[in-house]
Amino acid sequence: MNLIYLDEVHSTNQYLHELLQREKCEEGTCVQTRFQKAGRGQQGNSWESEAGKNLTFSLVLFPDFLSAVDQFILSQMVSLGIKEVLDNYMEGVSIKWPNDIYWHEKKIAGILIENSLMGSHIEHTVIGIGLNVNQELFVSSAPNPVSMKQITGREFNLEALLNELLQSIFSQYLKLIQDEDGDIRFRYLNSLYRRDGFHKYADANGEFMARIEKVSQTGRLCLITDSGEQREYYFKEVSFV
Ligand code: BTN
């Protein structure tokens, strides 16, 4: 595996996209940085990460066997890869649909996956991961960040942790290559935040109580309301209240 370490960069996702345009990259190439000057989050948000305290990295995969309609499986396998590493260090980790990593009610890691399509297939995917590790104070307006150090009280070795995460993500990827996507979908569903019971949600029409029924192949969240109605949402069409 090819690991590129940068002291600082605008965004590791952006760097990897530019690298892919310039030259041939080995599958699994990973770009890690001590500090991102313009770390990107989902929906055009920025990603806060204090220099040298956390993991901010991106890796490239070439899942050209996947159709564009199946791309949500990439979010599922990456979230699971991260969750399963964090499970070794703490209790209470879950995946908040579609792909935020939570510890109880707080966000410990974010994932930004950017797929490039060729026809109806995926040509390459840039998977950006920000994991809050040793940071103790968060200053941005991010609503509910938390770090591994805040949770466990101990300092983590970033290099060792990065290795564990990459191993874990690659082992999920291997399952995908071996057609074990059913297993990934099953474990993803059972790792979801608010997996059990009825909780409050809000959509364009207001608040309602519902429980998670399933996540569709294309990544839609399927809820059953307390009056038995089934509702399906794409990202941002519904929020957890
Ligand atoms: C989110 O908003 O939850 C996604 C955050 C993703 C942040 C990571 S940090 C490494 C990679 N490079 C970026 O610019 N963003 C991702």
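See the structure shown above.
The text that follows walks through the structure, step by step, so that each part is easy to find. By convention here, each chain's residues receive numbers from 1 onward along its written sequence. Local features are withheld for residues below a pLDDT of 70 in this predicted model, meaning they are given only at 70 or higher, and side-chain atom pairs are given and counted only at 80 or more; totals for whole chains, interfaces and linings count all residues. Each side-chain value is worked out from all heavy atoms of the structure, with water and hydrogens disregarded.

**Here's the deal with the overall build of the protein chain**
Point 1. When its secondary structure is counted, the protein chain shows five helices and twelve strands.
Point 2. A compact globule built from 241 residues should have a C-alpha radius of gyration of about 18 Å, and the protein chain, at 18 Å, falls within 12% of that.
Point 3. With the C-alpha coordinates of the protein chain rotated into their principal frame, the extents come out at 55 × 45 × 30 Å.
Point 4. Counting across all 241 residues of the protein chain, residues that qualify as buried make up 51%.
Point 5. It only takes one pair of heavy atoms within 4.5 Å for two residues to be counted as in contact. Once local pairs closer than 6 in sequence are excluded, the contacts in the protein chain between residues at least 24 apart make up 62%.
Point 6. Accessible surface area values rest on a Shrake-Rupley calculation with a 1.4 Å probe, where residue burial reflects the displayed protein chains alone. Accessible surface, the protein chain as shown: approximately 11,400 Å² in total, 47% of it carbon and sulfur.
Point 7. Computed over 23 positive and 33 negative side-chain charges, the inter-centroid distance for the protein chain is 4 Å. The secondary structure listing takes helices from DSSP runs of H or I that are at least 4 residues long and strands from runs of E that are at least 2 residues long, numbered from the N terminus. Radius of gyration here is computed from C-alpha atoms only, and the compact-globule reference equals 2.2 Å multiplied by the residue count raised to the power 0.38. For every residue, the accessible area (1.4 Å probe, protein chains only) is compared with the maximum for its type, and the residue is labelled buried under 20%, exposed over 50%, or partly exposed between those bounds. In this charge count, Lys and Arg are treated as positive and Asp and Glu as negative; neither His nor the chain ends contribute. Lys charges are placed at NZ, Arg charges at CZ, Asp charges at CG and Glu charges at CD.

**Some points on the nonpolar core**
Point 1. Grouped together as the largest cluster of nonpolar side chains are 56 residues, with contacts concentrated most on Met77, Ile82 and Leu131.
Point 2. Of all the elements, helix H2 (residues 72–86) adds the most residues to this core, at nine residues.
Point 3. Residues in contact with Met77, not counting those within four places in the same chain, are Leu61, Ile127, Ile169, Gln172, Tyr173, Leu176 and Ile184.
Point 4. Grouped together as the second largest cluster of nonpolar side chains are ten residues, Leu6, Leu19, Cys25 and Val31 included. What makes a nonpolar core is a set of buried Ala, Val, Leu, Ile, Met, Phe, Trp, Tyr and Cys residues whose side-chain atoms join them at distances within 4.5 Å.

**Considering the environment of Trp47**
Point 1. Note that Trp47 resides in the loop between strand E2 (30–36) and strand E3 (55–61).
Point 2. For the pair Trp47 and Met1, spaced 46 residues apart in sequence, the C-alpha separation works out to 26 Å.
Point 3. Excluding its chain neighbours within four sequence positions, the residues that come into contact with Trp47 are Gln36, Gly39, Arg40, Gly41, Thr56, Lys107, Ala109, Gly110, Gly130 and Asn132.

**Considerations on the site of the ligand**
Point 1. We call a residue near a given molecule or strand whenever any one of its heavy atoms falls within 4 Å of it. Near the ligand lie 20 residues; those nearest to it are Ser11, Gln36, Arg40, Gln42 and Lys107.
Point 2. Throughout this description, a polar contact denotes any pair of N or O atoms lying within 3.5 Å of each other; where both atoms belong to protein, one of them has to be capable of donating a hydrogen while the other can accept it, and for residues adjacent in sequence the pair is counted only when both atoms sit in side chains. A distance of 2.7 Å separates an oxygen atom of the ligand from a polar side-chain atom of Ser11.
Point 3. The separation between a nitrogen atom of the ligand and a polar main-chain atom of Arg40 is 2.7 Å.
Point 4. Protein contact buries 98% of the 410 Å² of open area that the ligand shows by itself.
Point 5. When contributions to the shell around the ligand are tallied by element, the ones reaching two or more residues are helix H1 (12–22), E3, strand E6 (106–118) and strand E7 (121–131).

**What about the packing of aromatic side chains?**
Point 1. Whether two aromatic rings pair depends on their centres lying within 6.5 Å, for rings of Phe, Tyr and Trp, where Trp uses its six-membered ring; planes under 30 degrees apart make the pair stacked, over 60 edge-to-face, and the rest tilted. In this structure the tally under the stated criterion is nine aromatic pairs.
Point 2. Measuring from centroid to centroid gives 6.2 Å for Phe65 and Tyr173, while their planes differ by 35°, and the two rings are tilted. Highlighted residues: Phe65 in the loop between E3 and H2 and Tyr173 in helix H4 (residues 158–177), separated in sequence by 108 residues.
Point 3. According to the relative accessible area criterion, Phe65 is partly exposed, its value standing at 37%.
Point 4. Judged by its relative accessible area of 6%, Tyr173 is buried.

**Describing the sheet that holds E2**
Point 1. Spatially, seven strands are ordered E1-E2-E3-E7-E6-E5-E4 in an open sheet, and the strand pairing comes out mixed. The sheet is open, and its two borders are formed by strand E1 (3–9) and strand E4 (93–96), each paired with just one other strand. Across the sheet, the mean angle separating the axes of adjacent strands is 20° when strand polarity is ignored.
Point 2. Each pair of strands is called paired provided DSSP finds at least two bridges between the two strands. Pairing analysis gives ten bridges linking E6 to E7, with the strands arranged antiparallel. Looking at E7, one finds that Ser116 is bridged to His124. Inter-axis angles, ranging from 0 to 180 degrees, are taken between N-to-C directions of lines fitted to C-alpha atoms, where helices are fitted over the stretch in contact.

**Observations concerning the packing of H2 against H4**
Point 1. Packing of H2 against H4 brings their axes to within 8 Å, and their N-to-C directions diverge by 140°. Taken together, the axis directions place H2 and H4 in an arrangement best described as oblique. Taken as a pair, H2 and H4 cross one another with a handedness that is right-handed. Between H2 and H4, the contacting residues are Ile73, Leu74, Met77, Val78, Leu80, Gly81, Ile82, Glu84 and Val85 on the first element and Leu161, Glu164, Leu165, Ser168, Ile169, Gln172, Tyr173 and Leu176 on the second.
Point 2. Any residue that is not Ala, Val, Leu, Ile, Met, Phe, Trp, Tyr, Cys, Pro, Asp, Glu, Lys or Arg is counted as polar, Gly included; the first ten are nonpolar and the last four charged. When its residues are assigned to classes, the contact of H2 with H4 shows twelve nonpolar, three polar and two charged. Oblique is the label for every angle not falling under 35 degrees (roughly parallel), over 145 degrees (roughly antiparallel), or within 65 to 115 degrees (roughly perpendicular). What makes a crossing left-handed is the near helix being turned counterclockwise from the far one by less than a right angle; a clockwise turn instead makes it right-handed.

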